Amino acid sequence: MLRIAIQAKGRLNEDCMALLKDAGINVAASKRKLVARASDFPIEVLYLRDDDIPQAVAMGVADVGIVGLNEVAEKNQNVRKLMRLGFGGCRISLAIPRDAHYDGPAWFSGKRIATSYPHILERYFSELGIKAHIHEIAGSVEIAPAVGMADGIFDIVSSGGTLVQNGLREVEQVFHSEAALIAHPNLEAEKLSAIEKLKFRFRSIVESRGMKYVLMNLPHNRIDEAVALMPGMRSPTILPLAAEGWCSLHVVIREDELWEKVEQLKQLGAEGILVLALENMIR
Ligand code: ATP
Ligand code: MG
């Protein structure tokens with residue numbers, strides 16, 4: 001039986017639960033319980049605070065875990081990073097008061113910086129040979145400069161709105177994070193094979209996200225041009241239509257390219273274009 005640690009509540013919880021569910025692993029989402037057993041996969045889910053997940057995995061309390069790479073880097077525990085999961089994206093950045101004159105990272109020499117990520121920041125400064133006073137605080141890092149506790153901060157940024165609200169400006173993006181699957185470094189063969197299954201399912205889900213399945217009717221003599229529009233595709237599916245000179249073309253298109261490609265296909269004479277959600281892409 002494999003044990004996976006995920007965040008009990010917070011920003012990663014919902015995406016973790018959705019990923020498990022899409023992978024065919026159904027667990028009761030009872031937040032009160034610490035451990036829940038899945039009904040259809042030999043796995044137990046351990047609900048923890050995200051800060052505790054790297055250690056729980058390093059100790060073997062859980063065999064695998066899903067946690068932000070920021071926590072993995074900060075906690076510096078002995079765990080294996082297996083795969084990125086494509087959600088929970090954010091960066092950890094240095095920010096200073098909006099009006100301060102900034103001339104590069106040397107600005108931070110001798111300054112006081114408030115952060116919840118002292119180790120990542122220490123490593124960054126030591127690589128650059130900068131000596132600063134790092135103050136670890138647990139929360140509300142962004143208000144530290146305004147109340148005189150710090151000259152600058154090192155904190156998580158996703159949109160930057162919180163920084164602006166607190167009169168701060170981002171000056172260095174130091175660490176880019178997203179949620180990842182991590183594992184205990186030494187596991188027995190049986191667990192490793194369960195983890196391979198899990199990774200296979202997760203990979204199919206992560207890869208199919210942001211993809212659309214597109215079908216269209218296309219004049220037969222434009223197939224080559226349509227195929228040339230989609231260089232990533234190994235071989236498109238082409239089915240004959242009852243109408244002479246027409247075929248049905250099926251392709252998978254990345255969501256961010258969808259409209260551009262659809263417009264180009266229309267110019268080639270594509271008609272009746274259907275865009276369908278792609279649930280899973282199993283390679
Ligand atoms: P816990 O109670 O589990 O300790 P937390 O308050 O430390 O939760 P959350 O705010 O739920 O943490 O964030 C969890 C993780 O989500 C972060 O460590 C980071 O990897 C990721 N994340 C993504 N975007 C953001 C963001 N805008 N702010 C904070 N974390 C973010
Ligand atoms: Mg936390």
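Here is a short report on the structure shown in this document. Keep in mind that this is a model prediction, so the values were computed, not measured. (Residues numbered from 1 in each chain as written. Chains lettered and ligands numbered in written order. Predicted model: local features only at pLDDT ≥ 70, side-chain atom pairs only at ≥ 80, totals over all residues. Heavy atoms only, no water.)

Turning our eyes to something else, we now look at helix 8 (residues 258-267). Along helix 8, the positions that sit buried rather than exposed are Leu258, Lys261, Val262 and Leu265. Each buried residue of helix 8 sits inside an arc of 100 degrees when the element is viewed along its axis, so together they form one side. Facing away from the buried side of helix 8 by over 90 degrees, the exposed positions are Trp259 and Gln267. Structurally, helix 8 contributes buried residues whose contacts are with strand 12 (211-219), helix 7 (223-229), strand 14 (246-254) and strand 15 (271-277). Glycine 269 sits one or two positions beyond helix 8 and adopts a positive phi of about 105 degrees. (Buried < 20%, exposed > 50% of the residue type's maximum accessible area, 1.4 Å probe, protein only. Helix = DSSP H or I, 4+ residues; strand = E, 2+ residues; numbered from the N terminus. Arc of directions from axis to C-beta. Contact = heavy atoms within 4.5 Å.)

What follows is about the nonpolar core. Among the nonpolar cores identified, the biggest contains 33 residues, and Ile4, Ile6, Ile66, Leu181, Leu198 and Phe202 are the most heavily contacted of them. Elements represented by at least two residues in this core include exactly strand 1 (2-7), helix 1 (13-22), strand 3 (43-48), strand 4 (64-68), strand 5 (80-84), strand 11 (179-183) and helix 6 (189-208). The biggest single contributor to this core is helix 6, with five residues. Judged by nonpolar contacts, the second largest core, of 32 residues, contains Ala62, Val72, Tyr124 and Phe154. (Core = buried A, V, L, I, M, F, W, Y, C linked by side-chain atoms within 4.5 Å.)

This part covers the coordination of the magnesium ion (ligand 2). Within the protein, the atoms that donate to the magnesium ion (ligand 2) are Asp50 (OD) and Asp51 (OD), at distances of 2.0 Å. With relative accessibility at 25%, the residue aspartate 51 sits in the partly exposed group. (Donors = N, O, S within 2.8 Å, 3.2 Å for Na, K, Ca; no water.)

Read these as spatial facts, not as claims about activity.
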